[in-house]
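Structure at a glance
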Amino acid sequence: MKEKIIEVINLKKQFGKNLILDDINFTINEGEAVSLIGPSGSGKSTVLRCIADLETLTGGKILIEGHNLQDKGIDKKIKKELLLKTGMIFQNFNLFPHMTVKDNIVKTLRIVKKTDVKKAEEIAEKVLETVGLADKKDNFPNELSGGQKQRVAIARALANNPEILLSDEATSALDPRTTNSILDLLKDINKRFGITIILITHQMEVIRKICNKTAIMSDGKIVEEGTVKDIFMHPKTQLAKEFVSNISHESFESEEKEEVKERSGGKIRLKLKFNEEQADKPYIAEIIKRYDAEINILGGSIDKLSNTVVGNLTIEISAEEEKIKTIVKWLEKN
């Protein structure tokens, strides 16, 4: 069973008279990739800053591996060790422009961990290889693309050998293709090294790509939380429905192999794709009436692409082999 690595308990945060976070509660287990999503001003970045011990809490507590970092009685050595286990990735990279890529990482190791130069250079080259930038070690930040700069920022965070990686809108300034490459990298880091990742984002595609759990925030509160699949497939609140309304459910269905024909005895699993003219036709009822077959609906969605409505429906048909062949032919025809 995975251990709890972060516990946020009754977290409150005020700036002056403004209550920014109001009774926030959630738990993250080691190795999970979790997202906090919400509109601008919902308080998600403040939660991240509180976890990183960059803000003083107004109320509640945050436990890292069971330790309350803001407890005045905490051992200073333990607190320092826990903070070193947490790396942070920012939206605007925060690189030193006058230093090479390699020196950006070496400098951080020298300041944060007092690592000697030779060891720091070895670590820098290793993490740059991990993020695919070994050949850019002698370049300066202004010679890199936005995606490459973000990879350097990730490498710098990895250099401290963290157990937790905090990402604050790390892909929001990047184009879709570059965003995908950064998300693939973070997903690989999560799986390969078992690093716990917390992502702050307003992009649902980011969540679908990498996270297994998510919490949706509004006005300083968590209004809905659960597995990413449950939030996408069965959103409960209006805000969750708005976030997922334009996202296709296809990837979640494919995780269960519902996008392919799959035979097992007298069963077949099919994905039906239909256009706007077909969306209102009772195909399932017609099959049951015509062929007396048992049909189980496994999932589906209707998406609006520009001005066109398209949809898909995943079903499982249970019937005799010959009857299944007949039904498939009828579906292909219609």
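Keep in mind that what you see is a predicted model, and the values were worked out from it rather than measured.

What about a negative patch on the surface?
On the surface, Asp103, Asp116, Glu121, Glu122 and Asp138 cluster together into a patch of negative charge. Considering the arrangement of structural elements, one finds Asp116 in the loop between α3 (101-112) and α4 (117-130). Classification of Asp116 as partly exposed rests on a relative accessible area of 45%.

Considerations on the pairing of strand β4 (residues 59-64)
Side-chain positions along a regular strand alternate between the two faces of the sheet. Relative to β4, strand β1 (residues 4-15) runs antiparallel, the two being bridged by 5 bridges. When the sheet's bridge partners are listed, Glu7 is paired in β4 with Leu63. Where β4 lies against strand β5 (residues 67-68), 2 bridges are found, and the strand directions are antiparallel. Bridge pairing in β5 links Ile64 to His67. Where β4 folds back onto β5 in an antiparallel hairpin, the turn is made up of 2 residues, including Glu65, whose phi is positive at roughly 50°.

Here we look at the side chain of Arg151
Along the chain, Arg151 turns up in helix α5 (residues 146-158). Nearest to the buried, unbridged Arg151 among oppositely charged side chains is Asp184, at 7.1 Å. When neighbours within four sequence positions are excluded, Arg151 is seen to be in contact with Val131, Leu133, Ser181, Ile182 and Leu185.

Some remarks on the layout of surface pockets
Each pocket or cavity is described by its volume, and for the largest pocket that value is around 530 Å³. If you trace the largest pocket, you find 19 residues lining it, with Thr86, Gly87, Met88, Val112 and Asn160 closest to the centre. Residues of the lining of the largest pocket, tallied by class, amount to 12 nonpolar, 4 polar and 3 charged.

Points about the packing of α3 against α5
Any two packed helices are characterised by how steeply their axes cross, that is the angle between the axes, and by the distance between the axes. Following both chains from N to C, one finds α3 and α5 inclined at 30°, their axes separated by 9 Å at the closest point. The angle between the axes of α3 and α5 places the two elements in the roughly parallel class. Remark: the crossing between α3 and α5 carries right-handed chirality. Contacts from Val101, Asn104, Ile105 and Thr108 of α3 reach α5 at Val152, Ala155 and Arg156.

Considerations on the sheet that holds β4
An order of β2-β1-β4-β5 is seen for the 4 strands of this open sheet, with the pairing classed as antiparallel. Unpaired on one side and paired on the other, β2 (18-29) and β5 mark the two borders of the sheet. Across the sheet, helix α1 (residues 44-51) lies against β1, β2 and β4, angled at about 65° from β2, the strand it touches most.

With respect to the packing of aromatic side chains
Between two aromatic rings, the relevant description is the distance of the centres plus the angle of the planes. Considering all chains together, one arrives at 1 aromatic pair under this definition. Here Tyr283 and Trp330 contribute two aromatic rings whose centre-to-centre distance is 6.3 Å and whose plane-to-plane angle is 70°, an arrangement assigned as edge-to-face. You can see Tyr283 sitting in helix α11 (residues 283-291) and its partner Trp330 sitting in helix α12 (residues 321-333), a full 47 residues away along the chain. Both residues of the pair, Tyr283 and Trp330, belong to the buried class.

Quick notes on the pattern of salt bridges
Side chains that differ in sign of charge can pair as their charged atoms come close. If you walk through the whole model with that rule in mind, you get 16 salt bridges. The residue Glu163 makes a salt bridge to Lys85 at a minimum N-O spacing of 3.7 Å. Taken as a pair, Glu163 in the loop between α5 and β7 (164-168) and Lys85 in the loop between α2 (76-84) and β6 (86-89) lie far apart in primary sequence, 78 residues in all. Residue classification places Glu163 among the partly exposed positions, given a relative accessible area of 32%. In this structure, Arg269 and Glu316 form a salt bridge, with 3.2 Å as the shortest nitrogen-oxygen distance. Linking Arg269 in strand β12 (residues 267-274) with Glu316 in strand β14 (residues 308-318), this pair joins segments that are 47 residues apart in sequence. The residues Arg269 and Glu316 share a single accessibility class, namely buried. In the salt-bridge network here, residues are joined through shared partners; they are Lys12, Asp22 and Lys221.

Rules used throughout
- Residues numbered from 1 in each chain as written.
- Predicted model: local features only at pLDDT ≥ 70, side-chain atom pairs only at ≥ 80, totals over all residues.
- Heavy atoms only, no water.
- Patch = residues over 30% accessible without salt bridge, like charges linked within 9 Å, V, L, I, M, F, W, Y side chains within 5 Å.
- Areas by Shrake-Rupley, 256 points an atom, 1.4 Å probe, with all protein chains shown as cover.
- Salt bridge = Lys/Arg side-chain N within 4 Å of Asp/Glu carboxyl O.
- Lys, Arg positive; Asp, Glu negative; His and termini not counted.
- Charge placed at Lys NZ, Arg CZ, Asp CG, Glu CD.
- Helix = DSSP H or I, 4+ residues; strand = E, 2+ residues; numbered from the N terminus.
- Buried < 20%, exposed > 50% of the residue type's maximum accessible area, 1.4 Å probe, protein only.
- Pairing = 2+ DSSP bridges.
- Contact = heavy atoms within 4.5 Å.
- 1 Å grid on protein atoms, 1.4 Å probe; cavity = no way out; pocket = protein on both sides within 12 Å on 5 of 7 lines; lining within 4 Å.
- Points joined across faces, edges and corners; volume = space filled by probe spheres on them.
- Nonpolar A, V, L, I, M, F, W, Y, C, P; charged D, E, K, R; others polar.
- Axes fitted to C-alpha atoms, helices over the stretch in contact; angles between N-to-C directions.
- Parallel < 35°, antiparallel > 145°, perpendicular 65-115°, else oblique.
- Left-handed = near helix turned anticlockwise from the far one by under 90°.
- Phe/Tyr/Trp six-rings, centres within 6.5 Å; stacked < 30°, edge-to-face > 60°.

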